[in-house]
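# A look at the structure
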Amino acid sequence: MSLINITLIVYVIASVAYIVREIWRSTATKWVSLGLFILAFCFNLAMVTKRSIEAGHPPFSNLYESLIFYACCTAFVYIIFEFVYNFKVVGALASVLSMLILLYATLQDDTIRPIMPALKSNWMLVHVVTYMLGYAAFGISFVTSIIFLVVKPFARKGKEDRGTEEGREILPRNFDKLSYKIVAFGFPFLTLGMITGAVWAKKAWGDYWSWDPKETWSLITWLAYLVYLHTPLVLPKMNINKSKAAVILAIWLLVSFGIVNFTFMGLNYLPSASDSEHIYGLQ
Amino acid sequence: MNILRNTFFRITQLNNIFHSYWFSVLLVLICTNLICCTIKRWRNTFLQTGFILTHLSIILILIGGVVKLQLGVKGSVNVYKGKSVDYFLTQELTRQGKIDYVKRDLPFTIALDDFILEKNEPKFQLVSYIKEKDRQKILEIKLSKKQRVASSDYKVTVTDYIPDAELRQEPVNASDKPDNPAIFVKTLGSEKVTAEGWLLANDRNYYDDKKQNLRIEYLWFPSQHELESAISSVETSSPKVSVFVLGQTKEYPLELNKIFKLEGTGYSVRFLQYVLNYGDRRPIEEQLPDNPAVQVELISPEGEETRWVFERFPDWDKMHPSKYKDVKLACSGITSSYMAKNTVRILQSEDGKQVLVFIKDRHIVETMPWELEKKYSIRDLDRQVMVSNYFPSFDFKKDVVKKSDKIGTPAIYVDIEGPSGKYTEWLLSGSQYATWYPDNNFALVYEPTGESIKHFISNLRIVDNGQTVAEKAIKVNDPLKYKGYAIYQSSYDPEAGNFSGLQIVKDPGIPIAYSGFGAICVGVVFIFYIKPFLRKKQKKEVEV
């Protein structure tokens, strides 16, 4: 069996383990589910490493390579969050997310092709790694927003709001605050990715910003999350019901993650795609 | 309408949004907004560092952009190897919305001393194709590793590899049954072999010696009886024209200028002329049957139409548009009915009867039995004919041999397992054809992936006031900077690799924009990582 299939299966098993842990809470299930997730991440990391060795360049030169790296980053960021915050359920969907990304990768052309001259730069490494960590965080915030929106109608009112203090478990009905923290973790990476991209573009193509479709859409992504981060400052002044505001923000996160994916993969389908040097899989 | 559209785009600038005036106005507005926000929220505390940095940085970046647009230039120029330039071209939009090139002078000269185009080593890939799913998949080329072609029952194993191979075909006799009778014929002139080769009864059964006006034909008959009736006839086949109309095909003998009525239709056909080699200006007697064609006239109450019909291209008429689309024509038998001045016919039947017939000017001059390895003189010609071998079931044995150890035309030996069992074959990378598995549903192609460029490097020298002031080998990602100009490697001559495409950029806004970049990075890290940490620390201190 190929490595990619093993990784996919372990992600599925990890997901099931997280659901089991949700029903049967014990220290054992906690460590088993986390252990399985880490195992899946290790397999994914092995895939990325194997691919870079085989290809002889960092694994971001085409969509297939970027996707397996993206899946790996998503798993990595989730593991960090699991260690920092005390929450549950998210792991089940996070591993499904990584699995779906990998599954999408299997549909791509996985031929190793020589890397084009413009991509031979150390800036590329920084640019892609920071972007992928940012995207991964947004993927997790997408998952927490979904859980929040699903749980929200069933949450009992009047119960004490325990917030997101450390040590205590974060309940799904408070996932709006968790989402904000995750986005706040990812946003600096997105910014760094964009800036390093601009610096690299200047070195390779002579201009740090030329309004090519990928650049324009990455700016749109950045603005979408910037709006998300600013709204908590504005909403209190707008006389909107607090719980309604949380729902709006959660929906906004879902939309923003859609924009992320469009920037990442959907641009290939635009008619102007062939003019852009940024877009994967059009050699 | 067109003018209206042009005016619309000129006024709204919707075809060039990012350089339009209204977009610039939006950018100015956002700049003002940011300044107002920053002033309004100013608290003058250390925790606000990130807030101030990020908001100021965006203003800086926007100012940098304005400086770039106002004072910067961006253009390109192609330089030939060994030549130099002191100008470059910029693209500018005219009032009509068209792109115009404007020549701009450089305050120095750029000389291209050398241009190097480095290519990657050629790579080859093995592509599988499943016809019923119309799906292509690239397979790994790894020796003796069995691979299943995704979502199918086919398994492929590469069992051997030759870096530089050559295909050799050797004729063999597959069996004693006359499935594909063939003879090896030599013609000799003054004891020297002038020509030799295989004639296949069911395939190419003739050889033309154009200089001697001689044709050698090989005819095979299943029985002695049929052979004997063929000995005395000069014509072996007659040229025909087949007409396909109303779902039926009818054949007519190629008789010139006779009108044939097509029964059940309003059409008649007339054959105006025929040639042995279409496009040959010589009289038909001197032509060789390289591209036989017939000119046909279709007569209908609505008018006439003439068409050329080609024997070698039977689908020609079906694929080319014509006036009367419901009638399709084809012709046959012209090549085989062609008679050279001298014809030698080698006849053979399954029961072993072997007869040689000499024909001159359409008359049989001599008939005799023939045997293997015996020479027979052709009358009036300084030529002899000899049959030196006979294969009842002719076939080719393919053999792939190694030419060298360097990568040239690599070949792989593959095993294909599928519904019709195991099938092995050599695949040569240079082959134009796919290799099909016996069920005609699965095919493999071993092909080069196309050349790709590894690097392109320009050795540039900057000459200012007659003196060389800078030298650098530039490549993509590594420009040369001089006097505020940056010179980038951007393209190359795709045909001969003779010129290098350079991009020339001058952007005085860079320091401003880059300080904005730096500030925004520090700013976001401060807001999202340092500030929460400091807050927590403060909180703890308060609690203590």
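Now for a quick tour of the structure. (Residues numbered from 1 in each chain as written. Chains lettered and ligands numbered in written order. Predicted model: local features only at pLDDT ≥ 70, side-chain atom pairs only at ≥ 80, totals over all residues.)

### Notes on the pairing of strand β19 (residues 327–332) of chain B
Residue and element names in this part refer to chain B. With five of six residues buried, β19 is to be regarded as a mostly interior element. Pairing between strand β13 (residues 240–245) and β19: six bridges, direction antiparallel. What sits directly across from F244, in β19, is K328. (Buried ≥ 20, exposed ≤ 12 C-beta atoms within 10 Å, placed from the backbone. Helix = DSSP H or I, 4+ residues; strand = E, 2+ residues; numbered from the N terminus. Pairing = 2+ DSSP bridges.)

### Remarks on the interface of chain B and chain A
Bring the parts together and some accessible area is lost; that lost area is often taken as the interface size. Taken together, the contact between chain B and chain A spans 26 residues of the former and 21 residues of the latter. Of all the secondary-structure elements, those providing two or more residues to the side of chain B that touches chain A are β30 (453–464), β33 (485–492), β34 (499–506) and α7 (510–543) of chain B. Across the side of chain B that touches chain A, the residue classes tally to 17 nonpolar, six polar and three charged. (Contact = placed C-beta atoms within 7 Å. Nonpolar A, V, L, I, M, F, W, Y, C, P; charged D, E, K, R; others polar.)

### Re the environment of L125 of chain A
Along the chain, the position of L125 of chain A falls in helix α5 (residues 122–151). On a C-alpha basis, the gap between L125 of chain A and F60 of chain A in space is 8.5 Å, while along the polypeptide they are 65 residues apart.

### As for the sheet that holds strand β27 (residues 421–428) of chain B
Residues and elements named next belong to chain B. Strand order in this open sheet of four strands is β6-β7-β26-β27, and the pairing throughout is antiparallel. Looking at the sheet topology across the chains shown, the edges are occupied by β6 (146–148) and β27. Pairwise comparison of adjacent strand axes, ignoring direction, gives a mean angle of 25 degrees for this sheet. Here β6 pairs with strand β7 (residues 155–162) via three bridges, running antiparallel. Within the sheet, the bridge partner assigned to R148 lies in β7 and is K155. (Axes fitted to C-alpha atoms, helices over the stretch in contact; angles between N-to-C directions.)

### Comments concerning the sheet that holds β19 of chain B
Residue and element names in this part refer to chain B. Spatial strand order, β14-β13-β19: three strands in an open sheet with antiparallel pairing. Only two strands of the sheet have a single partner each, and these edge strands are β14 (248–253) and β19. Taken over all neighbouring pairs, the strand axes of this sheet differ in orientation by 25 degrees on average, direction set aside. Bridge count between β13 and β14: six bridges; the pairing is antiparallel. Each residue of the ladder has a partner; that of V243, found in β14, is K250.

### Looking at helix α3 (residues 49–71) of chain B
Residues and elements named next belong to chain B. If you check α3, its first and last C-alpha atoms are 32 Å apart, about what 23 residues at 1.5 Å a residue would give, namely 33 Å. Among all positions in α3, only G50, L53, T54, H55, S57, L60, I61, G64, G65 and K68 are buried. Tucked inside the fold, the buried residues of α3 contact α2 (21–41) and α7. (Expected span 1.5 Å × (residues − 1).)

### Brief notes about the pairing of β33 of chain B
Residues and elements named next belong to chain B. When strand β32 (residues 480–482) meets β33, the two strands line up antiparallel, connected through three bridges. Across the sheet, the residue bridging to L480 is I487, located in β33. Once β32 ends, the chain turns through two residues before running back antiparallel as β33, passing K483 with a positive phi of about 50 degrees. Alignment of β33 against β34, held across seven bridges, turns out to be antiparallel. From the neighbouring strand, Q489 faces β34, where its bridge partner is L502. Adjacent in sequence and paired antiparallel, β33 and β34 are bridged by six residues, among which G497 carries a positive phi angle near 70 degrees.

### Comments concerning unusual backbone geometry
In the Ramachandran plot, W211 of chain A falls in the positive-phi region, its phi being about 55 degrees despite a non-glycine side chain. Examined against the element boundaries, W211 of chain A turns out to sit in the loop between α6 (175–205) and α7 (213–234).

### A look at the nonpolar core
Formed by 88 residues in total, the largest nonpolar core has its most connected members in A40, I68, Y70, M132, A136, A137 and I140 of chain A. Sort the elements by how many residues they give to this core and α6 of chain A lands first, with 16 residues. If we skip the residues at most four places from it in the chain, M132 of chain A touches F69, Y70 and C73 of chain A. I183, A340, V357 and I378 of chain B belong to the second largest nonpolar core, which has 25 residues in total. (Core = buried A, V, L, I, M, F, W, Y, C linked by C-beta atoms within 7 Å.)

Spatial relationships are all this shows, so hold off on functional conclusions.
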